[in-house]
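The residues making up each chain are set out below.
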Amino acid sequence: MKRYIIDIWAAATTILGGMGITLVHLFRAKNDNVTLQYPEERWPRPDRNIGFDHSNYNVIRSRLHVDMDDCIGCLKCERACPVDCIKIETEKVPNRGEDIKEIGHVGVTSNGSRKAMVVTRFDIDMTECCYCNLCTYPCPEECIFMTGGPNSDKHPIDYEFSEPNRNDLIYRFAKPGSREGMAKIISEQKAEV
Amino acid sequence: MGVVHGQEMVLNIGPQHPATHGVLRLQVKTDGEVVSEITPYLGYLHRCFEKHCENVTYEQVIPYTDRCDYLASMTNNFGYVVAVEALMDIKVNDRVEHIRVIMAELQRIASHLLGLGAFGLDVGAFTPFLHMLRDRERILDLFEMTCGARLLYNYMWVGGLSHDLPVGFVESTYNFLDYFEPKIDEFVNLLVHNKIFVERTADIGRMPQEVAVSYGVTGPNLRASGVKWDLRKNDPYSIYKSFEFDVPVGEGGKGSVGDCWDRFYVRVLEMKESIKILRQALASLPKEGDIHQSIPKKIRPPKGTIYKRTESPRGDLGYYIESDGTNIPYRLKMRSPAFTALSVIDEIAAGWLLSDVLAILGSLDIVLGEIDR
Amino acid sequence: MTVDFIFDLLNQFLPGFSGNGFLLLFAMLIPCLILFGFIAVYALVVIYAELKVSSFIQDKVGPMGQGFGFHAGKWGLLQPVADALKLLTKEDIIPGSANRVLFIMAPFMIFIGAFVSFVAIPFGESIIVADLNIGIFYILGVGSLAVIALILAGWSSNNKWSLYGAMRSAAQIVSYEIPAGISLITVIIITGSLNMQEIIAYQQGGIFNWILFDNPFIPVAFVIYFISALAETNRTPFDLPESESELVAGFVTEYSGMRYAFFFLSEYANMFVVSAVAATGFLGGWQSPISGYLDSPGWSVFWMMSKIAFLIFIMIWIRWTVPRLRVDQLMNVCWKVFLPIGLINIFGVAIWTVLLGS
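Computed from a predicted structure; not experimentally measured.

Asks: Explain the overall build of chain B here, please?
Replies: Helix and strand content of chain B: 15 helices and 8 strands. Taking 2.2 N^0.38 as the reference for a compact globule, 373 residues should give roughly 21 Å; the C-alpha atoms of chain B span a radius of gyration of 21 Å, in line with that estimate. Across its three principal axes, chain B shows a C-alpha extent of roughly 70 × 45 × 35 Å. Burial status across chain B gives 55% buried among its 373 residues. Contacts in chain B between residues far apart in sequence, at least 24 positions, make up 70% of those at least 6 positions apart.

Here it is, written out as structure tokens:
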């Protein structure tokens, strides 16, 4: 009998106690609210220039971007990718470090290294990308990065890169026409020889 | 009291069911509401983790470990890198160790928050679940601040970390801890001592010590059965030796030792212990130290095997790695704590009512990503 | 607003049809249509309240929008309307192996059970559709119709989850009728009438004349009634029939669209009915809490509605606080706690009334 009354008493007090807690939350809804009204309000722009050197590195992980003018076609990122979502094809340039105007090839990177390769295909399949960031570290020219990276002014952080067509999520970074242009140049070379 | 037996009915709980914490199928034999036999069917989330690992290099395994226990990616990374470092005999500096412990303990809190909230949801309490998620979100913010990712971090590397702590991380973590500690008490008052919740969990699904040990159950589930076994104490890895903390065990506060309520409450207490460790680690965090100092140029472990286990939020997370001297693991086996926790369900849940089976399943805090791998 | 009154009115205005049977039917239909419209609007309001209250309790904001025409309107006011429209326009799916006739019948049956109870609810001295002399008994009686509908829904769906939900809800509702009835008997002992208006008339003269404060046993009866009412309407902590984490959706698992909306509507209508009975029996009905003040017919509707709204708010509040009971614990609470206490209560009230009653 004692147990019976204790049980009823415990049930009443604990449930009323819980209701008290929820009532406090109900009336403090304005202060405690954690919802962000998404399309109107955005996440605060991350203020975290951190990483290897504290001045200009940002760790945001959004979509990958490649600065083609800096890419030397070393394939290190392709090898680092654990899911093989990067596909690169290269052709040897006739003269190392020389611009090829027809296909928009820039001979010297912003770091000053002279390129020996023309990248004719640089596809990143963002549907396969697992956002592990492993490809960005080995890059000797720091030309592949997650947007919001070193050049975050150029590429605003973009969380919602949706596309109506699935194929549009395969990002093709190689300069358009470079494959045909290179083929032509190579065939001309052969003809000269 | 006589029991009326009726016709038995086979019921499939899952693979798509709100209470299976992923894609698990429980085939239960029921007689009315009473469940007589439970057979879990696995494999709906099998992604060939171990076979994948035999085809990618040692660095590339880390993103895959993230995806095993997706609620505790940091501790999964931790276990793997500790194993590879032991194989290669790498010593990392003090700052890296501290940051790793901080991340692992934050992850433990985050994982327990979700586990407890989901358990509350299983017994019908919706509000605590969202309160838990609200606080978990703050931890994820801390992780995002550190490495840019919220769920799958790829943060711990062999011999170091991918990023150093950002400016202001220590203060933000202190702020979070100050904010979070009173929230645990509120949560305890709202749900843990609630009479209905106690009725639903106390004395339900009792896991005796012998059963827990013989099935190889580890982690909070084992501790709730009264076994004081925590790898952070019993087989210290990293720098856990230098921190003071208790190992909470189940004491049968509301019913008997090893019931659902104990499994629940041990996790609550563990969050408090994690806060203790976090405060110590933050206080003793060395200011200097290059986090990339010991990262090897090429990860080619010498020929040999290693089995290293760490304490993940769900229990003993072991990695067995066999190296043949190349940069690709010859064989990688993961010992999943959630798998052993699930295997015991038939033993402890048979004979209870249908609602209890789901409460027991919730109290084991399984993650199907880790079970199926 | 009784049917007779409308019938008389129609007779006056349409003397050519005077005394016609169709006119009587018409006079009956008018209050039904008004009530149906009322239930629909009321359900939208309560769904909105439920969304908002639950969100505030959970530190969220609930449905939000930036003004009419965008999203869900200002503060998400149009969210329940959008929900209703979505349910109405959804494809009507009947499972292949379901029993078609019963499957179609169940949602209407359950709604009828909730709907006809409204007839006997008084909103003012003359604002009642049918002032039955067994009003409170009638409401309890037709309220039990829901059990048949729930079993029909669960059985005809040909789904194991639905069957479980139906069996649970049948056991639950049948059991909880008893404590609910027993606690209402105390009210009947005091007032000596089953008529809703007479029960309210007994409580005339301010808040201290309410039956709730009549004698020390009544608050207990009120609590028992209220909790039993939660169980009868399948609200948390007694939402076992549709417990979403165990039985997927219980007896409504196979329902969608319009039929699902009817189950939803009847749940909210039932909440209204049980709250109205509690307000009538214990809280003075449409009487103003201060005697002789603000008791015009308009105000009487206001008082009744605000009392009901308060009770519904408490139901929502409880729902978002507590976990769910187990099926055998549910029965324990009913038979081992509420029933004995309710019976003791009846004796207490009876003795009190004999010794001290007027």
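Asks: I tried to follow unusual backbone geometry on my own but got confused; where do I start?
Replies: Backbone geometry follows two general trends: most residues other than glycine have a negative phi, and most peptide bonds adopt the trans configuration. Look at L75 of chain A: it is not a glycine, yet its phi comes out positive at around 65°. Turning to its location among the elements, L75 of chain A is positioned in the loop between β1 (64–66) and α3 (76–80). Positive phi, close to 60°, is recorded for D89 of chain B, a residue that is not glycine. When you line up the elements, D89 of chain B lands in the loop between α3 (73–88) and α4 (94–122).

Asks: Would you take a moment to explain the interface of chain A and chain C for this structure?
Replies: Reports of interface size often rely on the accessible area that becomes lost once the parts have come together. Listed per partner, the contact involves 14 residues of chain A and 14 residues of chain C. Elements represented by at least two residues in the side of chain A that touches chain C include exactly α1 (2–27) and α2 (29–32) of chain A. A per-element tally of the side of chain A that touches chain C places α1 of chain A first, with 7 residues. Of the residues in the side of chain A that touches chain C, the class split is 6 nonpolar, 6 polar and 2 charged.

Asks: What am I meant to see in the interface of chain B and chain C here?
Replies: Listed per partner, the contact involves 27 residues of chain B and 22 residues of chain C. Mapped by element, the contributors of at least two residues to the side of chain B that touches chain C are β1 (9–13), α4, α5 (126–147), α7 (195–201) and α14 (354–364) of chain B. For the side of chain B that touches chain C, the class distribution of residues is 14 nonpolar, 7 polar and 6 charged.

Asks: Hey, could you run me through α5 of chain B in this one?
Replies: Since there are 3.6 residues in each turn of an α-helix, residues three or four apart along the chain are aligned in direction. Its 22 residues place the ends of α5 of chain B 31 Å apart at the C-alpha level, agreeing with the 32 Å of an ideal helix rising 1.5 Å per residue. Following α5 of chain B by one or two positions, G148 of chain B has its phi on the positive side, about 85°.

Asks: Help me understand the nonpolar core, please; the structure alone is not making it clear to me.
Replies: Nonpolar side chains tend toward joint burial in soluble globular proteins. Counting 206 residues, the largest nonpolar core has I345, V357 and I360 of chain B together with I110, L150, V273 and A278 of chain C as its most contacted members. Top element by residues in this core is helix α10 (residues 257–282) of chain C. It accounts for 15 residues. With residues near it in sequence (within four places) discarded, I360 of chain B still touches I204, G205, C260, I345, I348, A349 and W352 of chain B. Counting residues in each nonpolar core, the second largest holds 23 residues, with V66, C81, I124 and M146 of chain A among its members.

Asks: Just to check I follow, could you spell out the confidence of the model for chain B for this structure?
Replies: Any segment with low pLDDT has predicted coordinates that should not be analysed in fine detail. Looking at chain B, the pLDDT average stands at 86 and 99% of residues meet or exceed 70. Confidence metrics for the complex model read pTM 0.86 and ipTM 0.83.

Asks: What should I look at first to understand the packing of α4 of chain B against α14 of chain B in this one?
Replies: Between two packed helices, what matters for the description is the angle formed by their axes and the separation of those axes. All names here are of chain B. Here α4 crosses α14 at 175°, and the two axes come no closer than 8 Å. With respect to α14, the axis of α4 lies roughly antiparallel. Two secondary-structure elements touch here, α4 through A118, F119 and D122 and α14 through L358, A359, G362 and S363. Looking at the contact of α4 with α14 residue by residue, the classes come out as 4 nonpolar, 2 polar and 1 charged.

Asks: What exactly am I supposed to notice about the domain arrangement of chain A here?
Replies: Taken domain by domain, chain A comprises domain 1 (2–32) and domain 2 (64–192). Distance from the C-alpha centre of domain 1 of chain A to the C-alpha centre of domain 2 of chain A: 61 Å.

Asks: Looking at this structure, I do not really get the environment of M145 of chain B. What am I missing?
Replies: All names here are of chain B. Looking at the element boundaries, M145 is found in helix α5. In this structure M145 comes out as buried when scored by C-beta crowding, with 21 C-beta atoms within 10 Å. Sequence separation between M145 and S172 is 27 residues; the distance between their C-alpha atoms is 9.8 Å.

Asks: Sorry if this is basic, but what is going on with the sheet that holds strand β2 (residues 86–92) of chain A here?
Replies: In sheet architecture, strand pairing relies on hydrogen bonds along the backbone and comes in two forms, parallel and antiparallel. All names here are of chain A. Spatially, β2-β3-β5 is the arrangement adopted by the 3 strands of the open sheet, whose pairing is antiparallel. Here the strands that pair on one side only, and so sit at the sheet edges, are β2 and β5 (170–172). When strand polarity is set aside, the average angle formed by the axes of neighbouring strands in this sheet is 15°. Inspection of the sheet shows strand β3 (residues 117–125) paired to β5 by 3 bridges, in the antiparallel sense. What sits directly across from D123, in β5, is R172.

Asks: Sorry, what's going on with the sheet that holds strand β3 (residues 34–41) of chain B here?
Replies: All names here are of chain B. Taken together, the 3 strands give an open sheet; going across it, the order is β1-β2-β3, and neighbouring strands pair in antiparallel fashion. Sheet topology places β1 and β3 at the edges, where each strand pairs with a single neighbour. Across the sheet, the mean angle separating the axes of adjacent strands is 25° when strand polarity is ignored. With 5 bridges joining them, β1 and strand β2 (residues 25–31) adopt antiparallel strand pairing. Looking across to β2, one finds that M9 is bridged to T30.

Asks: Even after reading the chapter, I still don't get the environment of E251 of chain B, so can you show me in this structure?
Replies: All names here are of chain B. If you trace the backbone, E251 turns up in the loop between α10 (231–234) and α11 (260–283). The class of E251 is partly exposed, set by 13 C-beta atoms lying within 10 Å. For the pair E251 and E199, spaced 52 residues apart in sequence, the C-alpha separation works out to 17 Å.

Asks: In this structure, what is going on with α10 of chain C? I would like to understand it.
Replies: For α10 of chain C, spanning 26 residues, the distance from its first C-alpha to its last is 38 Å, which sits close to the expected 38 Å at 1.5 Å a residue. Burial within α10 of chain C is extensive, with 22 of its 26 residues counted as buried.

Asks: It is not clear to me how the pairing of β3 of chain B should be interpreted in this structure. Could you clarify?
Replies: Where a strand is regular, its side chains alternate between the two sheet faces. Residues and elements named next belong to chain B. Sheet topology places β2 next to β3; 7 bridges connect them, and they run antiparallel. Of the residues in β3, the one forming a bridge with D31 is V34. Linking two consecutive strands that pair antiparallel, namely β2 and β3, is a turn of 2 residues; a positive phi of about 65° is found at G32 within it.

Asks: Please explain the environment of F143 of chain B as it appears in this structure.
Replies: Residue and element names in this part refer to chain B. Counting through the fold element by element, F143 comes out in helix α5. A sequence separation of 22 residues divides F143 from L165, and the C-alpha atoms of the two residues are 9.8 Å apart. Sequence-distant contacts of F143, that is, excluding residues within four places in its chain, are made with A149, R150 and Y153.

Reading the values: the criteria
- Residues numbered from 1 in each chain as written.
- Chains lettered and ligands numbered in written order.
- Predicted model: local features only at pLDDT ≥ 70, side-chain atom pairs only at ≥ 80, totals over all residues.
- Helix = DSSP H or I, 4+ residues; strand = E, 2+ residues; numbered from the N terminus.
- Rg over C-alpha atoms; globule rule 2.2 N^0.38 Å.
- Buried ≥ 20, exposed ≤ 12 C-beta atoms within 10 Å, placed from the backbone.
- Contact = placed C-beta atoms within 7 Å.
- Nonpolar A, V, L, I, M, F, W, Y, C, P; charged D, E, K, R; others polar.
- Expected span 1.5 Å × (residues − 1).
- Core = buried A, V, L, I, M, F, W, Y, C linked by C-beta atoms within 7 Å.
- pLDDT = per-residue confidence, 0-100.
- Axes fitted to C-alpha atoms, helices over the stretch in contact; angles between N-to-C directions.
- Parallel < 35°, antiparallel > 145°, perpendicular 65-115°, else oblique.
- Domains from an automatic or database assignment.
- Pairing = 2+ DSSP bridges.

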